[in-house]
Every structure is written in C-alpha cells, then in structure tokens.
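The lines below spell out each chain.
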Amino acid sequence: EMEAKYTRRMQALRDELDLRRKTEIHELEERKNTQISELIGNHEGAFGAIKNYYNDITAKNLTLINLLKEQVEELKKKQAVLEKEKADVLRENKGLAEPLHEAQEQVAELQRKLVNYYRDKEALVNSKAHLKIAQKELKDLQWEHEVLEQRFSQVQSERDDLYQNFTRAINEVQQKTGYKNLLLEHKLHSLLSLLEQKEVELSEILAAADLDPSALSLVSHKLEDVLNSKNATIQDLQIQLARVCKAHNDMLQTFEAKLTAFGIPLDNLGFQPLSFPLPGQ
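Per an unreviewed UniProt entry, the protein chain goes by the name Dynein regulatory complex subunit 4 and belongs to Melospiza melodia. Per its UniProt entry, the protein chain bears the Sequence similarities (unreviewed entry) comment "Belongs to the DRC4 family."

Shown next as structure tokens:
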C-alpha cells in the first residue's frame, strides 16, 4: 500500500512537473517567436532604409554621371574651339615674330631706363626723408630753444625776486632780532645792577639795624625768595634769547639752502649775514 501510495504520488508529481515543463516551454516558445518577429521587423526596416539609401546614392550617381558626360561633351567642344584658336594664334605668332623681337629690344632699353629711374626716384625719396627729418629736428630745436629761453627768463625773474625777498627778509629779521636782543640784554643788565644794588642796600640795612638772629633769619629767607624769583626771571629771559637766536640761525640756513637750490652763489648777497651765537657759547 505504501509503495502504491508513493507510486501514485510520484506519478502525480511527474504529471505536474511535466505540465509545468510544457507550460514553461510554451511560454519560452512564445517569447522566442515574439523576439524573432521583432528581429525580423527590425531587420526588414533596416534593410528597407539601407535599400532606400543605396537607391538614393545610385540615383545621385547616375545624375552626376549624366552631368559629367554633358560637361565632357562641352569640354570637348571647347577643346576643339581652342585648338582652332591655337592654330590661328600660331599663325599670328609667326607673323609677329619680327615685331616681337623689336619690341623686346625696346623693352630691354626701357627696363634699363626704368632701373635708372627707380634708382633716381629712390635717391629722391631718401633725400626728401632726410630733409623732413632735418626740418623736424630744426623745429624741435627751435621749440626747445624758445622753451629754454622762457624758462631762463622765468628763472632769472624768480632769482631776482628771491634775492630781493631774501635781502629784505634778512634786513627785517636782523633789525627785529637785534632790537629784541638789545632789549633783552638791557633788561638783563638792569636786573643784575638792581640785584647788586639791593644786595648792597640790604647789607647796609642789616649792619645798621643790628637785628637779632631770628629776625635776621626771617629777612634772609625773604631775601632768598626774592633772589630765587629774580634768578628764575633771568633764566627765562636767557631761554627766550636762546630761542630767538636759534630761530634767526635756522632762518639763515633755510635761505642759504634756497639760494643753493636755485644756483645763486652766496657771494652775490653783497653782505655777510650775521649769525648770533647761542647764550653760553
């Protein structure tokens, strides 16, 4: 029974597999037939396109061949005409040989004359070019000469103005500086004289008063304060005097540098500028 059972099952499985195989074979054949049909259609389309392409080329080639045949016929006709014209020209050439020889001799003579003409013409062109260059150089030199004359006149005028301004400024500065220096020195000498006089008077007063040491110490301190104040004033005046002298000397150096820059010798001033020594020198 088991053998019969498995035999039946095996037969059923075999029938099922056989049916499945037949179904897959049928589907495979259908796909194959479909692909074959598509390939046949594609090949027929490509073949038709190629056939049309080559038919077009054949038609064009035939047209071109016919056209070339017509052109060959025309060229043959033209060649025959040219051969005839060539024979006529040869006959004319034979008749023109002697005049040609004479013309060639004339041409040779004219060529010799032409060479001389070109040489003379080139020499003339070179001479004109040199003349133009010389004229341009002359104009440039004349223009430079005029410009230099104008610059020379301008520099002379600037030199004269600078010389006059420098002389006037030197005189004014010397007058102002000298007057201020005299005032400062006079004031300084007056203060020194006054200080000496006050010291003498103070000594006489102290000797005549016969003060006690405490009062004398107080008076001495006041006197020292006054002396310190006067010394500070003297020092300030000396500083002002040194500043004025330095400004005057700097101004002289500036004017000398300007004169040197404009090419004016310092001897042309006609006097020696006074350079004040700084206080203490």
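### A short note on the overall build of the protein chain
Helix and strand counts for the protein chain come out as two helices and zero strands. Scored against the burial criterion, the 281 residues of the protein chain give a buried share of 10%. When the accessible surface of the protein chain is totalled, it reaches about 23,800 Å², and 58% of it is carbon and sulfur.

### A short note on a nonpolar patch on the surface
Side chains of Ile-50, Tyr-53 and Tyr-54 sit close together on the surface and give an oily, nonpolar patch of about 350 Å² of accessible area. Checked against the element boundaries, Tyr-54 lands in helix H1 (residues 2-209).

### As for the pattern of salt bridges
When the charged atoms of two side chains with opposite charge come close together, those side chains can pair. Scanning the entire structure with this criterion turns up six salt bridges. Residues Asp-18 and Lys-22 are paired through a salt bridge, measuring 3.9 Å at the closest nitrogen-oxygen approach. One end of the pair is Asp-18 and the other is Lys-22, both in helix H1 and four residues apart, which spans about a single turn. With relative accessibility at 26%, the residue Asp-18 sits in the partly exposed group. Residue Asp-88 is joined to Arg-91 by a salt bridge in which the shortest nitrogen-to-oxygen separation is 2.0 Å. In this pair, Asp-88 and Arg-91 both sit in helix H1, three residues apart, roughly one turn of the helix. Salt bridges linked by common partners bring Asp-18, Arg-21 and Lys-22 together as one network.

### A word on empty space enclosed by the protein
Taken as a whole, this structure holds one cavity of 30 Å³ or more when the rule is applied. Approximately 30 Å³ is the volume attributed to the largest cavity. Along the walls of the largest cavity sit Leu-184, Glu-185, Leu-188, Leu-237, Gln-238 and Leu-241, which together make up its complete lining. Counting only elements with at least two residues in the lining of the largest cavity, the list comes to H1 and helix H2 (213-261). Residues of the lining of the largest cavity, tallied by class, amount to four nonpolar, one polar and one charged.

### Things to note about a negative patch on the surface
A contiguous patch of negative charge on the surface is contributed by Glu-24, Glu-27, Glu-29 and Glu-30. As for its position among the elements, Glu-29 is in helix H1. Among the residues examined, Glu-29 registers a relative accessible area of 40% and is labelled partly exposed.

Conventions adopted
- Residues numbered from 1 in each chain as written.
- Predicted model: local features only at pLDDT ≥ 70, side-chain atom pairs only at ≥ 80, totals over all residues.
- Heavy atoms only, no water.
- UniProt positions renumbered as here; feature names shortened; annotations may be inferred.
- Helix = DSSP H or I, 4+ residues; strand = E, 2+ residues; numbered from the N terminus.
- Buried < 20%, exposed > 50% of the residue type's maximum accessible area, 1.4 Å probe, protein only.
- Areas by Shrake-Rupley, 256 points an atom, 1.4 Å probe, with all protein chains shown as cover.
- Patch = residues over 30% accessible without salt bridge, like charges linked within 9 Å, V, L, I, M, F, W, Y side chains within 5 Å.
- Salt bridge = Lys/Arg side-chain N within 4 Å of Asp/Glu carboxyl O.
- 1 Å grid on protein atoms, 1.4 Å probe; cavity = no way out; pocket = protein on both sides within 12 Å on 5 of 7 lines; lining within 4 Å.
- Points joined across faces, edges and corners; volume = space filled by probe spheres on them.
- Nonpolar A, V, L, I, M, F, W, Y, C, P; charged D, E, K, R; others polar.
- Lys, Arg positive; Asp, Glu negative; His and termini not counted.
- Charge placed at Lys NZ, Arg CZ, Asp CG, Glu CD.

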